[in-house]
Amino acid sequence: MNRGLFITFEGPDGSGKTTQIERLKSFIQSKGYDAILTREPGGTPISEKLREIVLDKHNMEMDYMTEALLYAAARAQHVAQVIKPALDVGRTVICDRFMDSSIVYQGYGRGLGDCVRIINEYAVRGCFPDITFLLKVDPEIGKLRIKADEQDRLELEKLDYHKAVFQAYEELEKKYPERIIGIDAGRSIDEISKEIKEHIDRLLG
Ligand SMILES: Nc1ncnc2c1ncn2[C@@H]1O[C@H](COP(=O)(O)OP(=O)(O)O)[C@@H](O)[C@H]1O
Ligand SMILES: [Mg+2]
């Protein structure tokens, strides 16, 4: 049996990842493929517990390396329990954020550097995405799309942090052009969705 397609979505908060993922899942299923949706940090009971710790507004004293390791721990469990077993039986997996998020938010944003990539390579044990859609929208515009009372600890970081993260995403896009597809996410939901479907159509044949 062929391994399933592993698709990830990346981009600032409010860039439209969740919106586009829902649409893409329906599209892939309408073509007769078995697709599952999952998200990070989370996706398993253990990973969801780790997610709560990382995003808790009361944990303002959290050390950056602790943050990076918690994300990687949540991801290791998610890959082992959900992503790899699904891909192994030929299912398509669509994941809302994956290791690129750690590389940009902790590696660049927190200044931890390349060790974040290395930690995560241990965590995913060879289970890398086949294609990553990077939804590119100015972080300021993304922030305006999200209600203030719904923002978690990382969303409350200063705009400078989010701008640095966005630049890091653009660097990753240049570094991995065969995997990361940059999408102009300042457009309408329909326009973005159409472009994503065209890419997936080409991959699924
Ligand atoms: N292209 C778009 N234009 C305007 N608003 C959008 C667009 N895509 C999503 N939204 C809205 O912005 C908010 C955040 O979208 P969401 O999909 O949750 O983003 P993310 O998952 O990347 O944080 C939602 O209220 C959503 O309806
Ligand atoms: Mg979302």
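Note: the structure precedes this text.
Everything numeric in this text was worked out from a predicted model, so none of it was measured.

1. Topic: the environment of Lys25
Structurally, Lys25 can be placed in helix α1 (residues 17-30). Residues contacting Lys25, with those up to four places away along its chain left out, are Ala35, Leu37 and Ile94.

2. Considerations on the site of ligand 1
Residues in close proximity to ligand 1 total 13 residues, the closest being Gly14, Lys17, Thr18, Thr19 and Arg187. Here an oxygen atom of ligand 1 sits 3.0 Å away from a polar atom, N or O, in the main chain of Gly16. In this structure, Arg145 approaches ligand 1 through a side-chain N or O atom, which is 3.3 Å from a nitrogen atom. When ligand 1 is considered free in solution it has 560 Å² of accessible area, and contact with the protein chains removes 67% of it. Among the detected pockets, ligand 1 sits in the largest pocket. For the shell around ligand 1, the elements supplying multiple residues, two or more each, are α1 and α8 (189-204).

3. Structural notes on the pairing of strand β3 (residues 92-96)
Look at any regular strand and the pattern is simple: side chains alternate between the two faces of the sheet. Burial analysis of β3 places five of its five residues in the buried class, which makes it a mostly covered element. Neither face of β3 is left uncovered, since the one carrying Thr92, Ile94 and Asp96 and the one carrying Val93 and Cys95 both have all their residues buried. As paired strands, strand β1 (residues 6-10) and β3 are joined by four bridges and run parallel to one another. Counterpart to Phe9 in the pairing with β3 is Asp96. Alignment of strand β2 (residues 35-39) against β3, held across five bridges, turns out to be parallel. What sits directly across from Arg39, in β3, is Asp96.

4. Observations concerning the sheet that holds strand β5 (residues 180-184)
Pairing is parallel in the open sheet, where five strands are placed in the order β2-β3-β1-β4-β5. The open sheet terminates on both sides in strands that have one partner only, identified here as β2 and β5. Each strand axis lies, on average, 20° off the axis of its neighbour in the sheet, ignoring direction. α1 rests against β1, β2, β3 and β4 (131-136) of the sheet, and its axis sits at about 170° to β3.

5. Side note on the side chain of Thr38
Following the sequence through the fold, Thr38 ends up in strand β2. Among the residues examined, Thr38 registers a relative accessible area of 12% and is labelled buried. Within the structure, the side chain of Thr38 is placed 2.7 Å from the side chain of His78, a separation counted as a polar contact. For Thr38, the residues in contact, after removing those within four places along its chain, are Gly43, His78, Val82, Ile83, Val93, Ile94, Cys95 and Asp96.

6. Topic: α8
Helix length check: α8 (16 residues) gives 22 Å between terminal C-alpha atoms against 22 Å at 1.5 Å per residue, within 8%. Where α8 ends, the next residue or the one after it, Gly205, has phi of about 75°, a positive value.

7. Considering the layout of surface pockets
Estimates place the volume of the largest pocket at around 780 Å³. Lining the largest pocket are 38 residues; nearest its centre among them are Asp13, Lys17, Thr18, Asp96 and Arg97. Broken down by secondary-structure element, the contributors of at least two residues to the lining of the largest pocket are α1, β2, α2 (45-55), α3 (64-88), α4 (99-108) and α8. With six residues, α1 is the single largest residue contributor to the lining of the largest pocket. Looking at the lining of the largest pocket residue by residue, the classes come out as 13 nonpolar, 10 polar and 15 charged.

8. Comments concerning the pattern of salt bridges
Between side chains of opposite charge, pairing is possible as soon as their charged atoms come close. Applying the stated criterion to the full structure yields 20 salt bridges. Asp201 is the partner of Lys31 in a salt bridge, and the nearest nitrogen-oxygen pair spans 2.3 Å. In this pair, Lys31 is assigned in the loop between α1 and β2 and Asp201 in helix α8, connecting sequence segments 170 residues apart. For Lys31, a relative accessible area of 32% gives the class partly exposed. Measuring nitrogen to oxygen at the nearest pair gives 2.7 Å for the salt bridge that ties Lys136 to Glu173. On the criterion of sequence distance, the pair formed by Lys136 in strand β4 and Glu173 in helix α7 (residues 159-175) is long-range, its members being 37 residues apart. A network of salt bridges, in which partner residues are shared, links Glu10, Asp13 and Arg97.

Criteria and thresholds
Residues numbered from 1 in each chain as written. Chains lettered and ligands numbered in written order. Predicted model: local features only at pLDDT ≥ 70, side-chain atom pairs only at ≥ 80, totals over all residues. Heavy atoms only, no water. Helix = DSSP H or I, 4+ residues; strand = E, 2+ residues; numbered from the N terminus. Contact = heavy atoms within 4.5 Å. Near = heavy atom within 4 Å. Polar contact = N/O pair within 3.5 Å; in protein donor to acceptor, adjacent residues only side chain to side chain. Areas by Shrake-Rupley, 256 points an atom, 1.4 Å probe, with all protein chains shown as cover. 1 Å grid on protein atoms, 1.4 Å probe; cavity = no way out; pocket = protein on both sides within 12 Å on 5 of 7 lines; lining within 4 Å. Sits in = over half its atoms within 2 Å of the grid points. Buried < 20%, exposed > 50% of the residue type's maximum accessible area, 1.4 Å probe, protein only. Pairing = 2+ DSSP bridges. Axes fitted to C-alpha atoms, helices over the stretch in contact; angles between N-to-C directions. Expected span 1.5 Å × (residues − 1). Points joined across faces, edges and corners; volume = space filled by probe spheres on them. Nonpolar A, V, L, I, M, F, W, Y, C, P; charged D, E, K, R; others polar. Salt bridge = Lys/Arg side-chain N within 4 Å of Asp/Glu carboxyl O.

Coordinates in, geometry out; function isn't part of it.
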